[in-house]
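Each chain, letter by letter, is given below.
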Amino acid sequence: MLSLRDLSTSYGPVHAVRDVSFTAQEGQITAVLGANGAGKTTLLRTISGLLRSRHGTIELDGRRIDRLSPERMPALGLAQVPEGRGVITELTVDENLRLGGLARGRVRPADLQRVYELFPALADRRAAVAHVLSGGERQMLVIGRALMSRPRMLLLDEPSLGLAPRIVTQIFGLVRSLVEDEGLSVLLVEQNARSALSIAHRGIVLNLGRVVADADADVLADDDQLRHAYLGF
Amino acid sequence: MQQLVNTALSGLTLGMVYAAFALALVMIWRSTRVVNFAQAPMAMVTTFVALAVIDAGHSYWLGFGLALLSGLVLGAVVERVVIRPVEGKPEINAVILTLGLFIVLHALASVVFGNRYRSFPAPFGVRGVEVGDTTLGITGFGIFSIAAVLVVMALLVLLFRVTDLGLRMRAAAYHQEVARLLGVRVGRMLTLGWALASVVGSLAGLLIAGGSLVHPGFMDSIVVFGFVAAVLGGLDSPVGAVVGGLLLGLSLSFVSGYVGSQLVALTALAILMLVLTLRPGGLFSQPAQRRV
Amino acid sequence: MTRLRSWWSEVTLLRHLVLAAAGLLVVVAVLESAGDFRSLQLASMAYLGLAAGGLTILTGLNGQISLGHGALMAIGAYTTALLLPDRESSTPLALVVLAAVGATLAVGVAVGYAAARLHGPYLAGATLALAVAVPGVALFFKGRLGGEQGLRVVLPDIPEWVLDLAFFVTGQELTRSRYVAYVAWLTLVVTFVLLANLSRSRVGRRWRAVRDDAVAAELAGIHLGRARVSAFTVSAAAAGAAGAMMAITVRLAAPSGFTLNLSLTLLTAVVLGGLGSLTGAIIGAALLTFLPQVVTGWGTDAGLSDIRAAELAPLVYGLVMILVILLAPSGIVGTLRRLAVRRTRGGPEPAPPATDAADPAAPSSSDALTTTSKGTSP
Ligand SMILES: Nc1ncnc2c1ncn2[C@@H]1O[C@H](COP(=O)(O)OP(=O)(O)O)[C@@H](O)[C@H]1O
Ligand SMILES: [Mg+2]
């Protein structure tokens, strides 16, 4: 569904992503793994158009999207949850969610209803300023906000960062069920490889901006050498 | 006693106008982190537009409307042409640009309209309203001023709190990148924010001008009062700006009435220094919260 | 050659003194050939340059903006006027200048403590308030400060030894106008040597550190507030000296001389010349002094009335200031310096960093205006 070919992005002389090629299949969770500084965030920001690639192509369903601006992504069915979650803390929970709906033109009450059903914790705090939410609640909020734009593919940047293991399990379980029940596709960027591989179908390992492995998730999880070298578990 | 009441009433009127001007500054500060000092000459220019229209024999209200409209356009043009190019550069660039604009608009107005004082009409009486046999220190135009500012404030509240556009504008102001990922055209929102702020500033200009004299520098002290009012309110808070404007209007009115009008600006400076020393985050913040 | 150059850049104090002496020689040469009118014009250039020099230290080295340097000059000027009310006043000129600097310094500390301590638009706003407030003070204390008319300044007699010395050195009688010009330029040179050394010292490095990265500076143990307040105070002191020079040049301290326009014009001079550069401040001051006549001339030629034509000069300043920030943020001096560097290195500038599509206006080191303030020799 989303395929990258020879994608490279640099910050001046720093080549953060080099010749990356892979395909994220429809209806699957594709995990992009790698240590801190491997280039994962850069990759995601290049896909969403926040950064421009040096060269290479990005195609969504065969259509090139690598020269489109980030504002166009929601209309294409891509929803990115940025690193650090990107909650707009000055707005209320409800307003954050509504913004997600506006990304697709308008707020559909049914969508709002569904997000509140998925995340009852948010429903209780609709009118609260997002500033007061806990880390886990914030992660739910941004995933809910992304869902409000009815995406076909969700791009998640380190959703587990800074969350308690129990919450991570809960959120990852939810992501997996969205994929299984509703056919959502997910590109999941994670340092926490063990958790990510536990729900992913496929895994891509980045090191210093390059792809060093691209295989089914269970293959990666069983490759002791790779795990020790790049995934830290 | 009567002087006291009258001083308070005229302070209230002025305070509302300062509040409007402070609000214009806060709107721009919140979205682009620039204090638009050029707001003063911008409002001056639009007031002169109104004066030109009125002097050409048209009605006050046509001038009023065209002034607000030209404020809208001017604000948008300034954001697009002058401010946008330095987005993301050191803040000082944008500040210097607003000051350059300050000088340019001043000089342009002097070249085009001349440097002398000209009287500006008011649509309602500029004599005190009479209650029984006492004349109150509030004029028909003063009442109109207060009402106009209240209406504008209510419209802004509606825009920002209720409409989708307002939500997008706030998102763009608070978090540009996330807003972009959510499909918000951040650039357009900022332009619109500047345009609306400039309308509010223009309104303040028209209200200050009504029934009094205008010249190219007539808004210069108002931008100071607007700034002090905004800082009193914490610079980031629209409600704070309004409260700050009212407080400042009252204080300055008393200084003007009981001490001397020449010291009004000095009083504003003194109030500013006091607030910055004791409560840099504004009157409603915890003391000394915003150090450094 | 290169070794000589690196040695030259190391001996800061010596270098500044040599440059100052050379500068004084130029001043003598120019003033000796100038008539009374030109002398006074050059004296104006000196006081504008002084104030601009102070402002450029604040803005270029510390990244803060003052819109009140005109008002600070007013304080220096009124102090001078109060101390020089008539020919019998016995205060020596040097003491008068020191008093003017002292009074301005006091106001600078007060305003600076309240506003410069804080990061944000506070100093700009407070100094703007100062600029708007000061003329009103002169109007309010009409008895003491002369109201609208202002105070006359009576220049004390030129000391005998100065007359003798001048005659001995130049072979010409020293006129009062030329004397004033000498005093103003001498003050400028002395102040600039002090400012240049200060900016090369530890204090100056702190100011720059705070400007470039406040967080890093704080981690390095620099007290941010203190650094900001001290930069503003030093800058204010220079404006005080400028005010004193203005008072003895114009022989008057009146509110109409210290409008907001003066403050803004000083900022123009600083931006045109190149932020942080004292040389730039002098260039800017020269433009402020000599450009208006030219531009006003164009205006009257084009059929404008005198009063309106006089407004063309600020129009040009303002436009140029905007264009400089948009197109060449390092000002005249910075741009020349960059051209020179490019030539000596013989190559193009380093490739632009950032392929950041999100922010087409991302700062690149070559045009961020606050990075162009290296080197502040007068
Ligand atoms: N804005 C930036 N400017 C310069 N270099 C950056 C920037 N952001 C990231 N980098 C560098 O790019 C590389 C990849 O970073 P990133 O994509 O954030 O990695 P990850 O998300 O895998 O931790 C790192 O070496 C990092 O230092
Ligand atoms: Mg990352």
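Predicted model, so just to flag it, every value in this text is computed and none were measured.

### Considerations on the domain arrangement of chain A
Residues and elements named next belong to chain A.
At step 1: When the domains of chain A are assigned, the result is domain 1 (1-77 + 153-233) and domain 2 (85-150).
At step 2: The interface is formed by 16 residues belonging to domain 1 together with 13 residues belonging to domain 2.
At step 3: Carbon and sulfur atoms make up 71% of the surface buried where domain 1 meets domain 2, a total of about 1100 Å² over both sides.
At step 4: Summed over the three residues of domain 1 that lose the most area to domain 2, namely P74, I171 and L174, the buried surface amounts to 35% of that side.
At step 5: Connecting domain 1 to domain 2 are 1 salt bridge.
At step 6: Between the two partners, domain 1 and domain 2, sit 4 residue pairs in polar contact (both at pLDDT 80 or more).
At step 7: Secondary-structure elements contributing two or more residues to the side of domain 1 that touches domain 2 are α2 (73-76), β7 (153-157) and α7 (165-182).

### Focus: the site of ligand 1
Residue and element names in this part refer to chain A.
At step 1: Neighbouring ligand 1 are Y11, A16, A35, N36, G37, A38, G39, K40, T41 and T42.
At step 2: Note that an oxygen atom of ligand 1 is positioned 2.7 Å from one of the backbone N or O atoms of G37.
At step 3: The side chain of T41 places a nitrogen or oxygen atom 2.6 Å from an oxygen atom of ligand 1.
At step 4: Compared with its free state, where it exposes 560 Å², ligand 1 has 60% of that area covered by protein.
At step 5: By residue number, the principal contributor to the shell around ligand 1 is helix α1 (residues 40-47), which donates 3 residues.

### Some remarks on the packing of helix α3 (residues 36-62) of chain C against helix α10 (residues 202-212) of chain C
For any two helices packed against each other, the geometry is given by the interaxial angle and the distance between the axes.
All names here are of chain C.
At step 1: Running from N to C, α3 and α10 point in directions that differ by 50°, and their axes come no closer than 7 Å. One element, α3, and the other, α10, form an angle in the oblique class. Counting all contacts with α3, which are made through I57, G60, L61 and N62, the residues of α10 involved are W207, R208, V210 and R211.
At step 2: When its residues are assigned to classes, the contact of α3 with α10 shows 4 nonpolar, 2 polar and 2 charged.

The rules behind each value
Residues numbered from 1 in each chain as written. Chains lettered and ligands numbered in written order. Predicted model: local features only at pLDDT ≥ 70, side-chain atom pairs only at ≥ 80, totals over all residues. Heavy atoms only, no water. Domains from an automatic or database assignment. Contact = heavy atoms within 4.5 Å. Buried area = accessible area lost by both parts, 1.4 Å probe. Salt bridge = Lys/Arg side-chain N within 4 Å of Asp/Glu carboxyl O. Polar contact = N/O pair within 3.5 Å; in protein donor to acceptor, adjacent residues only side chain to side chain. Helix = DSSP H or I, 4+ residues; strand = E, 2+ residues; numbered from the N terminus. Near = heavy atom within 4 Å. Areas by Shrake-Rupley, 256 points an atom, 1.4 Å probe, with all protein chains shown as cover. Axes fitted to C-alpha atoms, helices over the stretch in contact; angles between N-to-C directions. Parallel < 35°, antiparallel > 145°, perpendicular 65-115°, else oblique. Nonpolar A, V, L, I, M, F, W, Y, C, P; charged D, E, K, R; others polar.

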